[in-house]
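# Observations on the model geometry
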Amino acid sequence: MGHTATLSCSEVRRQLPAYLNGMVDTETAQQLRWHFGQCQNCRLVVRTALNTLSQHFMRHPAETCEEKTHAT
Ligand SMILES: [Zn+2]
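Reference entry: report on the structure contained in this document. Everything quoted here is computed from the prediction, not taken from an experiment.

## Focus on the overall build of the protein chain
- Each helix and strand in the protein chain was counted, giving three helices and zero strands.
- Traced from its N-terminal end to its C-terminal end, the protein chain shows the element sequence α-α-α.
- For the protein chain, buried positions account for 8% of its 72 residues.

Structure representation (structure tokens):
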């Protein structure tokens, strides 16, 4: 066991869905955030994933709203 708790990029990407869902423990989240600070590639992946998520969340209520207006 070394003091290095660094994750590889593939490890980071494997954990990413869980991280975005807040399902990783604090230590893992810290390691991931540290990696994002070091690795531009993974930072880009996260940003893209977050964009996709927020688009999804923004679209969802709009769809429900439209549906409701249409039905009434
Ligand atoms: Zn990386």
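## Here's the deal with helix H1 (residues 9–20)
- Between the first and last C-alpha of H1 there are 16 Å, a value that for twelve residues agrees with the 16 Å anticipated at 1.5 Å per step.
- Of the residues flanking the end of H1, it is Gly22, one or two places downstream, whose phi is positive at about 70°.

## Some words on the nonpolar core
- Val12, Tyr19, Leu32, Cys42 and Val46 form the largest nonpolar core, which has five residues in total.
- If you list the elements that add at least two residues to this core, you get H1 and helix H3 (40–71).
- When neighbours within four sequence positions are excluded, Tyr19 is seen to be in contact with Val24, Ala29 and Leu32.

## Some remarks on the packing of H1 against helix H2 (residues 26–38)
- At a minimum axis separation of 11 Å, H1 and H2 run at an interaxial angle of 120°. The pairing of H1 with H2 is recorded here as oblique in orientation. Handedness of the crossing formed by H1 with H2: left-handed. For the pair H1 and H2, contact is made by Val12, Gln15 and Tyr19 and by Thr28, Ala29, Leu32 and His35, respectively.

## Description of the environment of Leu50
- Mapped onto the fold, Leu50 is located in helix H3.
- A residue is classified by how many C-beta atoms lie within 10 Å of it, and Leu50, with 11 of them, is exposed.
- Residues Leu50 and Leu20, spaced 30 residues apart in sequence, show a C-alpha to C-alpha distance of 7.8 Å.

Reading guide: rules and limits
Residues numbered from 1 in each chain as written. Predicted model: local features only at pLDDT ≥ 70, side-chain atom pairs only at ≥ 80, totals over all residues. Helix = DSSP H or I, 4+ residues; strand = E, 2+ residues; numbered from the N terminus. Buried ≥ 20, exposed ≤ 12 C-beta atoms within 10 Å, placed from the backbone. Expected span 1.5 Å × (residues − 1). Core = buried A, V, L, I, M, F, W, Y, C linked by C-beta atoms within 7 Å. Contact = placed C-beta atoms within 7 Å. Axes fitted to C-alpha atoms, helices over the stretch in contact; angles between N-to-C directions. Parallel < 35°, antiparallel > 145°, perpendicular 65-115°, else oblique. Left-handed = near helix turned anticlockwise from the far one by under 90°.

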